[in-house]
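A closer look at the structure
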Amino acid sequence: MAAISAALRSSRTLGAVVSSTETRNSLPSTVYSLESIRSSSASEKAETSDLAAKSSAAKAQILAEALALEAAGAFAVVLEHISPDLGAEISQKLTIPTIGIGAGPDCDGQILVAHDLLGMSERLPPFAKAYANLGSLATLAVQQYAAEVRSRQFPPQGDFWTG
């Protein structure tokens, strides 16, 4: 549907999930987010986040865009890096599910990037949490492997070619 595509192209903090085959075929993929529809610089994204967090006009625009996406046929909306109060307000006003990634606890569902969750990101977004530190474990494992390859301890010696 052109309405969803147009709404997403104008949005900086929303994504939409569409359900019908007809709608999916008119857009690039089934799940649409700001990142996949509109390219913007890091500074523009930072300005957008600051604006969304501080300006009542920006909050009203984001709410209007969420309502437009629902009216256009989206069956869910992804809210990314907006204030928790705005996430709650949008979640209360929409009849479709809201999925939050840095939009507060009152969204209907939550997303966390796996690399952030597993502690594999160099820098976490302010709304993310690492539940493990696999990044350092992976680094140690690769360093040990490289050292064993250089010292010819890997691959292991032995008759491992016979079944």
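Please read these numbers as outputs of a predicted model, since none were measured by experiment. (Residues numbered from 1 in each chain as written. Predicted model: local features only at pLDDT ≥ 70, side-chain atom pairs only at ≥ 80, totals over all residues. Heavy atoms only, no water.)

1. So, the overall build of the chain
The following threshold applies: Secondary structure counts use DSSP, requiring at least four H or I residues in a row for a helix and at least two E residues in a row for a strand, with both numbered from the N terminus. Three exposure classes are used, based on accessible area relative to the maximum for each residue type with a 1.4 Å probe and protein chains only: buried under 20%, partly exposed in between, and exposed over 50%. Two residues form a contact once any of their heavy atoms are found within 4.5 Å.
Counting secondary structure elements, the chain contains eight helices and five strands. The order of α-helices and β-strands along the chain, N terminus first, is α-β-α-β-α-α-α-β-α-β-β-α-α. Relative to its 163 residues, the chain shows a buried fraction of 34%. When contacts within the chain are restricted to residue pairs at least 6 apart in sequence, long-range pairs at least 24 apart make up 40% of them.

2. Re unusual backbone geometry
Cis geometry marks the peptide bond from Phe 154 to Pro 155, where omega comes out at 5°. Here Pro 155 shows up in the segment after α8 (134-150). With a phi angle near 50°, His 81 is a residue other than glycine that sits in the positive phi range. One can find His 81 in the loop between β3 (74-80) and α6 (84-93). By relative accessible area, which is 30% here, His 81 ends up partly exposed. We note that Arg 152 has phi near 65°; this positive angle belongs to a residue other than glycine.

3. Describing the side chain of Ser 55
Heads up, the rule is: In protein, a polar contact requires one atom able to donate a hydrogen and another able to accept it; more generally it is a pair of N or O atoms within 3.5 Å, and residues adjacent in sequence count only if both atoms are side-chain atoms.
For Ser 55, the position within the fold is in the loop between α4 (42-54) and α5 (56-71). Looking at Ser 55, its side chain comes within polar contact range of the main-chain nitrogen of Ala 58, at 3.1 Å.

4. Quick word on the pairing of strand β4 (residues 98-101)
This is how it is decided: Two strands are counted as paired when DSSP detects at least two bridges linking them. For a crossover, the right-handed case is the one in which the path from the first strand over the helix to the second runs clockwise, viewed with the strands pointing away from the viewer.
In this sheet, β4 lies alongside β3 in parallel orientation, the contact comprising four bridges. Looking at the pairing, Glu 80 lines up with Ile 101 of β4. Crossover β3 to β4 through α6 is right-handed. Alignment of β4 against strand β5 (residues 109-110), held across two bridges, turns out to be parallel. Counted as the bridge partner of Ile 99 is Gly 109 from β5.

5. Some remarks on the environment of Ser 136
Tracing the sequence through the fold places Ser 136 in helix α8. Distance from Ser 136 to Met 120, taken between C-alpha atoms, is 7.7 Å for residues 16 residues apart in sequence.

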